[in-house]
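Coordinate analysis (summary)
Next come the chains, spelled out residue by residue.
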Amino acid sequence: MPDGPLLVYGPRSLAYDFGPNHPLSPRRFGPGIELLRAVGAEPGLAPEPAADAELEWLHAADYIATVRRFSRDPGGKPVAGIGPGDDPAFPGMHDAAASVAGGSIRAMEAILRGDVEHAYHPGGGLHHAMRARASGFCIYNDVALAIARARRDGLRVLYVDLDVHHGDGVQALHYDDPGVLTISFHESGRSLFPGSGFVDELGEGSAAGTSINVPLEPLCGPEPWLAAVRTIVPQLAAAFGPDIVVSQHGADGHVWDPLAHLSLTTTAIGEAARLVDRVAHRYAGGRWLATGGGGYAVYRVVPRAWALTWLAGAHREAPARLPSEWRARWAGDAARWDETPLPAGFDDLPSLASERSLSPAAAVRAKETVSLVRTVLVPALLGVAEERGWWRPDEGEPETAARAAPAAEAPPAGSDPTVVADLTTEMVERLALSARVVAPADPRVAWELLRAALRDGAVAAGAVIGEWLVGIALAAPGAPAAPAQTDGVDRLVALGVAPAWRRSGLATAMLRALVDEQDRRGRALVALHTVAERDVFDPLPRAVRRGVAESLARASGMIVTAAPPRIAAADTDARIAIHIPPGASPDLRARAGEWPNSL
Ligand SMILES: [Zn+2]
């Protein structure tokens with residue numbers, strides 16, 4: 001294995017050239033590749049054009065024919081997004097764009113074969129290209145094609161897009177595929193191209209919940225941005241259980257970038273890349289394809305962002321300072337393009353962000369958006385587990401001592417499970433947890449989490465066959481953030497049954513047992529059902545999921561109502577279910593009814 005990610009770069013990338021005054025300039029490869037070499041990366045895979053049959057995995061055949069026509073005759077009448085503006089035609093544009101796609105596809109294949117663990121394609125990440133339309137400097141969607149390549153092998157893909165622009169093309173091309181989870185952090189479409197990427201773009205049909213968008217306001221700054229990445233990516237990776245991570249590391253969120261306004265630093269960009277590396281190792285067997293993306297401060301920002309991304313995959317710290325030879329080599333060009341002075345270090349000085357480049361209001365809005373995304377798109381069990389300290393999503397490997405079935409194993413079908421009204425920690429420790437019962441994709445993590453929950457005072461009903469736990473209904477006490485308001489109120493955080501025992505009334509029986517237990521204890525039970533609550537390996541269509549959740553809740557004596565407007569605006573199928581114990585005080589009734597508004 002090479003010392004660090006396989007670096008995908010070759011002369012054909014330089015041919016992707018919209019002209020001297022276009023922001024996406026091949027000028028960036030000179031300083032970028034030289035800095036990568038200075039930190040130890042050597043080009044190891046030179047991109048060659050992808051075959052038409054490969055491009056056709058996602059692109060329309062007549063669109064490819066159109067690109068070929070412009071390639072021969074750039075003067076043709078503008079069509080399919082190609083023409084004056086963002087995506088002008090140029091001679092040889094098909095070969096150039098197909099080479100970028102070929103680079104990402106071959107890099108994916110190197111990872112799939114196990115030749116390398118990580119690969120990095122700085123010229124890739126052309127995430128705006130659509131099925132039959134060029135957009136935002138992108139002709140063919142190399143990242144979406146690399147994902148399609150992994151899907152052809154049946155692998156589940158987590159895609160993380162850190163470019164300042166919404167990853168609309170990748171989202172659109174995999175919008176109805178429940179096996180691809182896309183997460184995009186970007187400047188809001190209200191102020192920036194392409195104008196999309198709002199929280200309510202959740203995915204379609206059975207893929208609802210697999211399209212995640214975190215729109216941030218201009219001048220948001222590095223801390224809120226990094227906090228968003230930290231509190232969303234590992235959590236969703238744990239829920240989704242990817243086989244491979246693909247990421248796009250556009251450098252255009254930087255405060256010096258001329259096209260956008262998020263005011264990030266290279267320090268934050270590097271830290272986000274290291275987080276993606278950790279997520280790949282913990283949740284995807286180490287398989288990680290990273291690409292570049294936008295970035296239009298060609299001398300001051302892009303080379304450092306590229307080097308930091310590669311170093312993240314090499315598991316090495318950046319040197320303290322930029323090599324003086326590199327700075328000497330590029331100082332003149334930087335001055336010519338009005339990018340002076342060149343910085344001294346890989347990381348930015350903390351003083352880089354000034355009052356003019358940061359907005360406290362945008363930071364507050366970022367927190368609200370992240371909270372909404374977590375409420376709607378992270379399974380309740382994982383959100384509560386993290387808040388209550390049952391589990392840390394971005395730390396270490398799960399304990400190997402955990403008793404849980406590998407995903408393929410299951411207890412013998414045919415026999416009837418027994419519903420146990422009040423599971424204890426001791427019982428769970430004697431039982432193995434079947435796969436695909438509750439939220440974490442890895443049943444070992446689910447088992448650990450369940451054990452920690454019961455120790456912390458959670459109440460669970462379970463379905464047991466022999467040594468196996470094949471169903472769980474779990475209620476967590478209160479909300480740590482609002483102990484007074486949630487006194488006497490528990491939240492239903494998980495309700496699930498292993499695939500072989502579904503549609504047999506088991507979930508209703510467990511939920512009834514839990515509701516009865518709540519009555520005995522005089523405590524209320526509240527549930528929020530969103531698109532996050534699904535079997536990620538074989539999700540039902542969105543409307544069916546909602547119907548099942550509603551009838552389960554009603555059959556168990558809960559009252560179903562609409563979700564609060566803030567949640568419903570993001571997820572129209574979200575529902576609240578409430579059970580109040582008989583004889584509850586007006587005070588408890590009020591608190592249980594009020595709780596959904598605090599979510
Ligand atoms: Zn790594």
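Data block above holds the structure.
The structure contained in this document is the topic of the report that follows. Just so you know, these numbers come straight off a predicted model, no measurement behind them.

With that settled, consider the overall build of the chain. Scanning the chain for helices and strands turns up 18 helices and 16 strands. Taking 2.2 N^0.38 as the reference for a compact globule, 599 residues should give roughly 25 Å; the C-alpha atoms of the chain span a radius of gyration of 25 Å, in line with that estimate. Sequence separation of 24 or more characterises 77% of the internal contacts of the chain that already satisfy a separation of 6 or more. Accessible surface, the chain: about 22100 Å² in total, of which carbon and sulfur atoms supply 53%. Here the chain contributes 57 positive and 71 negative side-chain charges, whose respective centroids are spaced 2 Å apart.

A separate point is the coordination of the zinc ion. For the zinc ion, every protein donor is listed as His-118 (NE2), Asp-277 (OD), His-281 (NE2) and His-315 (NE2), and the spread of their distances is 1.8 to 2.0 Å. One can describe the site at the zinc ion as tetrahedral: its four donor atoms subtend angles covering 101 to 122° at the metal. Within one chain, the residues donating to the zinc ion are spaced in sequence as H-x158-D-x3-H-x33-H. Here His-118 is found in strand S3 (residues 118–121), whereas its partner His-315 is found in the loop between helix H9 (302–314) and helix H10 (324–336), with 197 residues between them in sequence.

For the rest of this paragraph, the subject is the packing of helix H1 (residues 29–38) against H10. At a closest axis distance of 11 Å, the pairing of H1 and H10 adopts a crossing angle of 175°. As the angle between them shows, H1 and H10 are arranged roughly antiparallel. Contact with H1, carried on its side by Gly-30, Pro-31, Glu-34 and Leu-35, involves Trp-326, Arg-329 and Trp-330 of H10 and no other residues of that element. Split into classes, the residues belonging to the contact of H1 with H10 amount to four nonpolar, one polar and two charged.

To continue, consider the side chain of Ser-357. One can find Ser-357 in the loop between H10 and helix H11 (360–377). Ser-357 sits in the buried class, given a relative accessible area of 9%. When sequence neighbours within four positions are dropped, the list of residues in contact with Ser-357 reads Leu-219, Val-255, Ser-263 and Leu-352.

For the rest of this paragraph, the subject is helix H5 (residues 142–152). When you tally the buried positions in H5, you get nine out of eleven residues, the bulk of the element. Restricting attention to buried positions, one finds in H5 the residues Asp-142, Val-143, Ala-144, Leu-145, Ala-146, Ile-147, Ala-148, Arg-149 and Ala-150. With its phi angle positive at about 80°, Gly-154 sits one or two positions after the end of H5.

Before going further, it helps to spend a moment on a nonpolar patch on the surface. There is a patch of nonpolar side chains on the surface, built from Leu-540, Val-544 and Val-548 and spanning about 200 Å² of accessible area. Here Val-544 lies in helix H16 (residues 542–555). Residue Val-544 is classed as partly exposed on the basis of its relative accessible area, which comes to 39%.

With that out of the way, let us pick up the pairing of strand S16 (residues 575–579). Judged by how many residues are buried, S16 sits mostly within the fold: four of five residues are covered. The pairing of strand S14 (residues 524–529) with S16 spans five bridges and is antiparallel. Counterpart to Ala-527 in the pairing with S16 is Ala-577. Bridging between strand S15 (residues 559–562) and S16 involves four bridges; their strand directions are antiparallel. Looking across to S16, one finds that Val-560 is bridged to Ala-577.

Attention now goes to the pattern of salt bridges. Tallied over the entire structure, the rule returns 38 salt bridges. Ionic pairing is found between Glu-271 and Arg-230, a salt bridge with its closest N-O pair at 3.9 Å. Placement of the pair is Glu-271 in helix H8 (residues 266–283) and Arg-230 in helix H7 (residues 222–240), with a sequence separation of 41 residues. According to the relative accessible area criterion, Glu-271 is buried, its value standing at 16%. Of the charged contacts in the structure, one is a salt bridge between Arg-451 and Glu-429, with a shortest N-O distance of 3.2 Å. In this pair, Arg-451 is assigned in helix H14 (residues 443–455) and Glu-429 in helix H13 (residues 425–430), connecting sequence segments 22 residues apart. For Glu-429, a relative accessible area of 31% puts it in the partly exposed group. If you follow the salt bridges from partner to partner, you end up with Arg-542, Arg-546, Glu-550, Asp-571, Asp-573 and Arg-575 in one network.

At a minimum axis distance of 8 Å, the contact between H1 and H9 shows a crossing angle of 35°. The chirality of how H1 crosses H9 is right-handed. Contacts between H1 and H9 involve Phe-29, Pro-31, Gly-32, Ile-33, Leu-35 and Leu-36 from the first element and Pro-303, Arg-304, Trp-306, Ala-307 and Trp-310 from the second. Split by residue class, the contact of H1 with H9 holds nine nonpolar, one polar and one charged.

With that settled, consider the sheet that holds strand S8 (residues 288–291). Overall, parallel pairing links the eight strands, which are arranged S2-S1-S3-S8-S7-S4-S5-S6 in an open sheet. The open sheet is flanked by strand S2 (43–45) and strand S6 (211–216), the only strands paired with a single partner. Each strand of the sheet is rotated relative to its neighbour by a mean of 20°, with strand direction disregarded. When strand S1 (residues 6–8) meets S3, the two strands line up parallel, connected through two bridges. Residue pairing in the sheet places Leu-6 in a bridge with Ala-119 of S3.

This brings us to the packing of aromatic side chains. For any pair of aromatic rings, the description rests on two quantities: the centre-to-centre distance and the angle between the ring planes. Taken as a whole and assessed by the stated rule, the structure comprises eight aromatic pairs. On the basis of an interplanar angle of 85° and a centroid distance of 5.7 Å, the ring pair of Phe-137 and Tyr-296 is categorised as edge-to-face. With Phe-137 in the loop between S3 and H5 and Tyr-296 in the loop between S8 and H9, this pair connects stretches of sequence that are 159 residues apart. Ring centres of Tyr-299 and Trp-330 lie 6.3 Å apart, and the angle between their planes is 35°; on these two criteria the pair is classed as tilted.

Reading the values: the criteria
Residues numbered from 1 in each chain as written. Predicted model: local features only at pLDDT ≥ 70, side-chain atom pairs only at ≥ 80, totals over all residues. Heavy atoms only, no water. Helix = DSSP H or I, 4+ residues; strand = E, 2+ residues; numbered from the N terminus. Rg over C-alpha atoms; globule rule 2.2 N^0.38 Å. Contact = heavy atoms within 4.5 Å. Areas by Shrake-Rupley, 256 points an atom, 1.4 Å probe, with all protein chains shown as cover. Lys, Arg positive; Asp, Glu negative; His and termini not counted. Charge placed at Lys NZ, Arg CZ, Asp CG, Glu CD. Donors = N, O, S within 2.8 Å, 3.2 Å for Na, K, Ca; no water. Tetrahedral: all angles 85-135°; square planar, octahedral: opposite > 155°, others 65-115°. Axes fitted to C-alpha atoms, helices over the stretch in contact; angles between N-to-C directions. Parallel < 35°, antiparallel > 145°, perpendicular 65-115°, else oblique. Nonpolar A, V, L, I, M, F, W, Y, C, P; charged D, E, K, R; others polar. Buried < 20%, exposed > 50% of the residue type's maximum accessible area, 1.4 Å probe, protein only. Patch = residues over 30% accessible without salt bridge, like charges linked within 9 Å, V, L, I, M, F, W, Y side chains within 5 Å. Salt bridge = Lys/Arg side-chain N within 4 Å of Asp/Glu carboxyl O. Pairing = 2+ DSSP bridges. Left-handed = near helix turned anticlockwise from the far one by under 90°. Phe/Tyr/Trp six-rings, centres within 6.5 Å; stacked < 30°, edge-to-face > 60°.

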